[in-house]
Number of protein chains: 2
Amino acid sequence: MQILYPTIKDVAAKANVSTATVSHVINNKGRISPETIKKVLKTIKQLKYHPSRSARGLASHKTGNIGFIVTSDHFLKTEAFYTRIFLGVEFEAHRHDYYVLLTTTKSDFKKGDSLPRFVLEQSIDGIIVAGKIPKLLLETLCEQKIPLVILDYIPKYFECSSVLIDNVRGGILATNHLIEYGHKNIAFISGEISHSSISDRLRGYKQALNDSNIEIDEKLIETSDDYLSMQNGYKATERLFKKNKNVTAIFAGNDTIAIGAMQYLKDNNFNIPNDISLVGFDDAETNSLLTPPLTTIQVPKIDLGIEGLQLLVNIINSENKMIKKSIVPVELKLRESTKPRL
Amino acid sequence: MQILYPTIKDVAAKANVSTATVSHVINNKGRISPETIKKVLKTIKQLKYHPSRSARGLASHKTGNIGFIVTSDHFLKTEAFYTRIFLGVEFEAHRHDYYVLLTTTKSDFKKGDSLPRFVLEQSIDGIIVAGKIPKLLLETLCEQKIPLVILDYIPKYFECSSVLIDNVRGGILATNHLIEYGHKNIAFISGEISHSSISDRLRGYKQALNDSNIEIDEKLIETSDDYLSMQNGYKATERLFKKNKNVTAIFAGNDTIAIGAMQYLKDNNFNIPNDISLVGFDDAETNSLLTPPLTTIQVPKIDLGIEGLQLLVNIINSENKMIKKSIVPVELKLRESTKPRL
DNA sequence: CTGAAAGCGCTAACAT
DNA sequence: ATGTTAGCGCTTTCAG
């Protein structure tokens, strides 16, 4: 038993117009008189008509789908950073009448590994890549000539349309905040230093110090290319304190690293913020539950996703395949893990 | 400039057969001779042919899509519990040649709110619901007569196909472990007690105590219907210790609650596991990074998703619309937060 | 075991 | 401003 849903023919018949007219109304193409539009729209509502995706796709050579690619590592991150970005993309996709097909990819994509299924099967009109993905995969994707936008990552050797966080500015904001609080020995710790977002935060840190005529001390910079985990935050802090005893403030590459640092500090009887001020980056939603709540740089993750989808739709609909870029702003979220130095 | 991809016609022409035959081979229907099959398959590979989803959908009245519904609260949870379930679903969907459309819904779905878009537009062949979603939404979904499977939740007033965690057994395992370690005053704490998964864990707890002839002391049970957050774990533990001073072991409704409990215990100078043994539930991936690493009940989240998708495909392909249920097993994951009582 | 042909529901030229 | 109509690429009877 199959329920029969109304088709464009039913709408056309009921509204006394041709299917072409209904189609034109749906896609607001052609010049249709306001009365006809109203009439057709009313009939559509009455019949609860929804155009068939398959039929539209077949006739128009568009799928109405967007592919969303993220590494499973990133997607499973505890801070739900990319999950939020996805939510923003999904939200905006809704408004533009797209479905989003989410797929995760391994972070060690090798020659011969197959592309995401929706690419091979051409089931998408455009691709959003969230965060760093393997270079080879990205290159192969770009070769497909499918509209593509990268979020929160800049590939090193070629240009792509992208939406980025203003990481340098974030780094400056965080560091200036600590400088304004009277700190001089400000450390920077992080993992994944080869991720453009992280290295940009470090650049912001250095620039802020420079601007305030504070000498950059490499012994205060403790980075690695390890995964951004609490554990690695813990270890980085450990290494930092081995080299350096007189740190009074730490700027962590992201919140997870900061939480790791927090644990190290607690375990070693440093009081935050009395002994050490600590600033994170990302504004993970659980930060405010920490003791003390973490001062951090707030990143509008949902907005990042929204902007990314808009950019992609833009590219899909435009003739010229220009490379377009957007930067989303960040701001300092003042909480209790930082304190003026006495 | 549009790249032209091969169609079924191209395959048919190159293989010297009709398009019907190619179609039959693709869907392995009809009785085609092995040689023909081989020939067609070879041609498909040569041409890198992928059937068009739209065309298939239009002709067959199937979409090849599965809808995945989860509340945004659950999806954004820090433990990535439902993210992992989704990954399992996606993985298995791949094998069955389905795409998964993920949508989040608010946890306060009200009368008049619209159904997920893919339901209204009939862009899916079946639905997977992950975790508790609003009753009204679930009811409306069921009325649609679309194949549906619920993961990790039992609605109270009607029957649905579902895949559940063996929560009762998990509760028994956790509690027995503590009993075997010589604990008598074993507490149970949790939030979201109206979620069937949590209340079942409590049932397991009670049953294990019963089986060991330990009297159930309501003062040792501290539950609420608050969200499963670290903060609420902290508070629950606080309330527990106000009522009760001689607890030696705590079984927490899930790992997040357990981490909150851990913080309370640390803040109040209880040593884990020397003073208090602590068991969680879920096996969130970050547990092993805690100090001490958390003993917990391991839930195979990916498998849960895989099983759910299999069940759904089963229902989609079967004539009789029987209600089917699966239970995924759990096991005790022994780490360092529990210790025999001296 | 294989093929011919009639649609599936929509879009997009082209008419009018 | 609206209608006519030929496909889009596939599945699916029905014949042979």
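Residues numbered from 1 in each chain as written. Chains lettered and ligands numbered in written order. Predicted model: local features only at pLDDT ≥ 70, side-chain atom pairs only at ≥ 80, totals over all residues. Heavy atoms only, no water.

Considerations on the sheet that holds strand E6 (residues 186-190) of chain B
Residue and element names in this part refer to chain B. As summarised here, the arrangement of the 4 strands in space is E7-E6-E8-E9, forming an open sheet in which the pairing is parallel. The open sheet has two free edges, formed respectively by strand E7 (221-223) and strand E9 (277-279), since each of these has just one partner strand. Across this sheet, the average inter-strand angle for adjacent strands is 15°, counted without regard to direction. The pairing of strand E8 (residues 249-252) with E9 spans 3 bridges and is classified as parallel. What sits directly across from Phe251, in E9, is Val279. In this fold helix H9 (residues 167-180) packs onto E6, E8 and E9, with an angle of close to 170° to the strand it touches most, E8. (Pairing = 2+ DSSP bridges. Helix = DSSP H or I, 4+ residues; strand = E, 2+ residues; numbered from the N terminus. Axes fitted to C-alpha atoms, helices over the stretch in contact; angles between N-to-C directions. Contact = heavy atoms within 4.5 Å.)

Re the protein's contact with DNA strand D
Inspection of the region around DNA strand D gives 27 residues, with Arg31(A), Ser33(A), Thr36(A), Ile8(B) and Tyr49(B) positioned closest. Across the atoms of DNA strand D situated within 4 Å of the protein, the share located in sugar and phosphate is 68%. Contact distances for DNA strand D include 2.7 Å between a phosphate oxygen and a side-chain N or O atom of Thr21(A). Of the residues forming the surface near DNA strand D, the biggest block, 4 residues, is contributed by helix H4 (residues 53-60) of chain B. Split by residue class, the surface near DNA strand D holds 11 nonpolar, 13 polar and 3 charged. (Near = heavy atom within 4 Å. Polar contact = N/O pair within 3.5 Å; in protein donor to acceptor, adjacent residues only side chain to side chain. Nonpolar A, V, L, I, M, F, W, Y, C, P; charged D, E, K, R; others polar.)

So, the side chain of Thr63(A)
All names here are of chain A. Here Thr63 is to be found in the loop between helix H4 (53-60) and strand E1 (65-71). A polar atom in the side chain of Thr63 sits 3.0 Å from the backbone nitrogen of Asn65. Contact partners of Thr63, with chain neighbours within four places excluded, come to Arg53, Gln122, Ser123, Ile124 and Asp125.

Points about the domain arrangement of chain A
All names here are of chain A. For chain A, the domain assignment lists domain 1 (8-60), domain 2 (65-165 + 302-329) and domain 3 (167-299). Between the C-alpha centres of domain 2 and domain 3 the distance comes to 29 Å. Each partner contributes to the interface: domain 2 provides 13 residues, whereas domain 3 provides 16 residues. Between domain 2 and domain 3, the buried area comes to about 1300 Å², and carbon and sulfur atoms account for 47% of it. By the criterion of area lost to domain 3, the three top residues of domain 2 are Lys77, Glu79 and Ile165, representing 39% of everything that side buries. Summed over the shared surface of domain 2 and domain 3, the result is 0 salt bridges. For the pair domain 2 and domain 3, the number of links is 7 residue pairs in polar contact (both at pLDDT 80 or more). Considering each element in turn, the side of domain 2 that touches domain 3 owes the most residues, 3 residues, to helix H6 (residues 81-95). Of the residues contributing to the side of domain 2 that touches domain 3, the split by class is 5 nonpolar, 1 polar and 7 charged. (Domains from an automatic or database assignment. Buried area = accessible area lost by both parts, 1.4 Å probe. Salt bridge = Lys/Arg side-chain N within 4 Å of Asp/Glu carboxyl O.)

Quick look at the packing of helix H1 (residues 8-15) of chain B against helix H2 (residues 19-26) of chain B
Residue and element names in this part refer to chain B. Direction vectors running N to C along H1 and H2 enclose 105°, while the axes themselves pass 8 Å from each other. Taken together, the axis directions place H1 and H2 in an arrangement best described as roughly perpendicular. Contacts from Ile8, Lys9, Val11 and Ala12 of H1 reach H2 at Thr19, Val22 and Ser23. (Parallel < 35°, antiparallel > 145°, perpendicular 65-115°, else oblique.)

A few points about the relation of the copies chain B and chain A
When chain B is brought onto chain A, the operation consists of a screw motion whose angular component is 180° and whose axial shift is 0.0 Å, with 0.1 Å RMSD remaining. Each copy turns onto its partner about a two-fold axis. Of the C-alpha atoms belonging to chain B, the one lying closest to the rotation axis is found on Ser54(B), 2.1 Å away. A share of 100% of the interface residues of chain B reappears at the interface of chain A, consistent with the copies meeting face to face through the same patch. (Least-squares fit on C-alpha atoms with pLDDT ≥ 70 in both.)

Regarding the interface of chain B and chain A
Frequently, the measure chosen for interface size is the accessible area that the parts lose on association. Contact with chain B, which involves 35 residues of that partner, is made by 35 residues of chain A. Buried area between chain B and chain A, summed over both chains or domains, comes out near 4000 Å², and the portion from carbon and sulfur atoms is 60%. The interface formed by chain B and chain A includes 4 salt bridges. When the shortest N-O distance is used, the salt bridge between Arg117(A) and Glu90(B) registers 3.6 Å.

Overview of the pattern of salt bridges
Counted by the stated rule, this structure contains 28 salt bridges over all chains. With its nearest N and O atoms 3.8 Å apart, the salt bridge here joins Lys135(A) to Glu139(A). Separated by 4 residues within a single helix, Lys135(A) and Glu139(A) lie in helix H8 (residues 135-143), roughly one turn from each other. Look at Lys135(A) and you get partly exposed, because its relative accessible area is 47%. The shortest N-O distance in the salt bridge between Glu222(B) and Lys243(B) comes to 2.8 Å. Separated by 21 residues along the polypeptide, Glu222(B) in strand E7 and Lys243(B) in helix H11 (residues 230-243) bring together distant segments of the chain. Looking at Glu222(B), the relative accessible area reads 8%, which means it is buried. In this structure Lys243(B) comes out as partly exposed when scored by relative accessible area, which is 38%. (Buried < 20%, exposed > 50% of the residue type's maximum accessible area, 1.4 Å probe, protein only.)

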